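Results of the structural survey
Residue-level listing of the chains:
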Amino acid sequence: MTASATEQIAGDGVRIELRGRITAYTAAPLWRSALETLARHPGRPIIVDASQVEYADNVGIALLLDLMRRDRAATAKVEIRDLASNLAALVQAFDSKDFTAAPRGRLSPGIFEQVGRATVQHFRYVTQMADFVGECWVELRQALTRRGRINWGDVLDIATEAGANGVPVVLLIGFLMGVIIAFQSGLVARQFGAVIFVVNGVGFALLRELGPLMTAIVFAGRTGAAFAAQIGTQKVNEEVNAITTFGLSPIQFLVLPRLIAAVMVVPLLTVFADVVGLFGAALVMLTFDIGFVQFYNQLLQAVTAWDFGLGIVKAAVFGLTIAAVGCQRGLATGAGATSVGLSTTSAVVTSIVLIIVIDGIFSVFTV
Amino acid sequence: MQTIPMQAGVGATTEVPPAISVRNLRMGYGERVLLENASFDVQRGEIVVILGGSGSGKSSLMKNIIGLYEPIAGDILIAGRSIVKARARERNELQRGLGVMYQSGALFGSLTVLENVRFPLDQFTDLALADKNLTARMLLQLVAMGYAESLMPAELSGGMLKRAGIARALALGCDILLLDEPSAGLDPITGANLDQTILSLRKNLGLTFVVVTHELQSIFTIADRAIMLDPVSRSIIAEGNPGDLRARSTDHRVRQFFNRVPDMATDTAES
């Protein structure tokens, strides 16, 4: 399955003889050498002898078309001779004028346009989010006042997937957080003979900050992304349109069950993270000669129910935020698989940023 | 199965192996068998359409031929070489010789239409960028999509996605093209143009086509031979020239299909 091109000077003109099967796999060197011949002889007529061409696929046809369409002087035109009639019919089916303009690439706006678009997009996102929160509030109020508006089966399924299936990873992260904080703090505190106060620090940090925060970050990466991808795919598949055209609310069907499930499971996951985190810290403290009972007594002196309760309230707010952002990004998905990917990324990034901001607000107002 | 004698397609010979040979194929998903003991050949240069009601396994049969799904039993030969028994490398090589258009077009969402059509050329040839662009634009012109070369797939309608998918399937100049419902969702003019493109490619390049379609007009225009699957008996119930099958088949399911008769009308007629 080979092809070749040979060049001969014939009188005033140049003769290019093409041979064999010109296909996508064999055309590249022929095409290059033919164009080089044309460039070397700008003033001479070129005759392309195609009598020995056994076969030409689409690329071969494109090669012949390309040679014919070259802009050359009237006395130096390219002429294709003895091309098989079936191949000639394919070449003649195209008008070389259709390909004179450079191919249009994807539309890429300039830097100022990009900045402008991004700014408008962010403002639009804020208004979309405000609309979304409003719609959710209205739907939630209706759901709470009328029976049958919330599919509790869906809520349970989502809570199982987002909560129960997320327990192992939350336990692992919580345990490791407790171990790491206790160990690092213990090393420093030992220099000052204040190892026992590591328990205060670990308890305070885990219950108020790190327990809910780490759980929320895991939840955002695992479940917030899944919410955006699921709803985004439903949007692309026009399932959301189908719900709307039935006169139903996508918020009621798709969003509320996820919001309720998230508010339920993130605090529960946080409790798990708190408990295993403290257990991990207690294990580490054994190496600093602080026994379990001493750890427990010190912990009770250091933290209050308020600290634990605050962490749980934070977790519920984080869960609500993550679910809301995931669902909103899903519903705002454009067309195509790429949009689903963008929505998912945006959901995770936005959720984590919002979680940190909300955590900061909590820290300032709950000292 | 009822077989109506037909003329072999252009380029059909007895010396070279058929483009596609399906031998005693049993295919399905897990416990669910869609087709049993199916055997047929597609000769070089022939246009064969695969017909059948929804759920009869037309698209699955195509995916078995392509080597995407493994049959439960039986063999599929591409130009005499088994794609079922082939090792991964040989299977890839065989697959590269097949141009495929999937039902939804299956364009890559992150590439423009032109880049999608150019993609196989980028991957498997040493052509210069300008040459690849010209080939890709020519193929887009062939399916009347020249105006959409800079658009992203997300901006295309279903029919446009299909046409761009066909252009991409043609890019590497494969001898065998498998098209899954190419004219579904196209307007009549574009559909008719597409039929003419298929006929022209067969006539001028001798390409072999396996086309899954329901479009009767298209079937009668392009097909040398039709193979009809039945979801109930899970078998090939008819094979032959579509015109002959319509005129001469004694199987009521075949007549019903080709004459577009609803179930109720058949029941009434039979009672």
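This text follows the structure it describes.
Residues numbered from 1 in each chain as written. Chains lettered and ligands numbered in written order. Predicted model: local features only at pLDDT ≥ 70, side-chain atom pairs only at ≥ 80, totals over all residues.

**Looking at the overall build of chain B**
What chain B contains, in helices and strands, is 10 helices and 11 strands. Here the C-alpha coordinates of chain B stretch approximately 65 × 40 × 35 Å along the principal axes. Long-range pairs, those at least 24 residues apart, make up 67% of the contacts in chain B with a sequence separation of at least 6. (Helix = DSSP H or I, 4+ residues; strand = E, 2+ residues; numbered from the N terminus. Contact = placed C-beta atoms within 7 Å.)

**Some details on the pairing of strand β4 (residues 78–81) of chain A**
The side chains of a regular strand alternate between the sheet's two faces. Residues and elements named next belong to chain A. Residue alternation in β4 divides its side chains into a buried set, V78 and I80, and an unburied set, E79 and R81. As judged from the four bridges shared by strand β3 (residues 46–56) and β4, these two strands associate in the parallel manner. Paired with D49 across the two strands is R81, which belongs to β4. For the segment spanning β3, helix α2 (residues 58–68) and β4, crossover handedness is right-handed. (Buried ≥ 20, exposed ≤ 12 C-beta atoms within 10 Å, placed from the backbone. Pairing = 2+ DSSP bridges. Right-handed = clockwise from strand over helix to strand, strands pointing away.)

**Considerations on the sheet that holds β4 of chain A**
Whenever strands of a sheet pair, they do so through backbone hydrogen bonds, lying parallel or antiparallel. Residue and element names in this part refer to chain A. Taken in spatial order, the four strands line up as β1-β2-β3-β4 in an open sheet, and their pairing is mixed. The sheet terminates laterally at β1 (3–10) and β4, the two strands that pair on one side only. Taking each pair of neighbouring strands and ignoring which way they run, the sheet shows an average axis angle of 20°. Where β1 and strand β2 (residues 13–22) come together, eight bridges link them in antiparallel fashion. (Axes fitted to C-alpha atoms, helices over the stretch in contact; angles between N-to-C directions.)

**Focus: the interface of chain A and chain B**
Listed per partner, the contact involves 31 residues of chain A and 31 residues of chain B. Counting residues per element, the ones that place at least two in the side of chain A that touches chain B are α1 (27–40), α2, α3 (85–92) and α12 (337–365) of chain A. The biggest single contributor to the side of chain A that touches chain B is α2 of chain A, with five residues. Looking at side-chain class alone, the side of chain A that touches chain B contains 17 nonpolar, eight polar and six charged residues. (Nonpolar A, V, L, I, M, F, W, Y, C, P; charged D, E, K, R; others polar.)

**Regarding helix α6 (residues 188–205) of chain B**
All names here are of chain B. Taking 1.5 Å of rise per residue, 18 residues should cover 26 Å, and α6 covers 25 Å from first to last C-alpha, within 8% of that figure. Restricting attention to buried positions, one finds in α6 the residues L194, D195, T197, I198, R202 and L205. End-on view of α6: buried residues confined to an arc of 155°, all on one side of the axis. Exposed residues on α6 whose side chains face more than 90 degrees from its buried face are P188, I189 and Q196. The elements touched by buried residues of α6 are β4 (47–52), α4 (129–142), β9 (208–212) and α7 (216–222). (Expected span 1.5 Å × (residues − 1). Arc of directions from axis to C-beta.)

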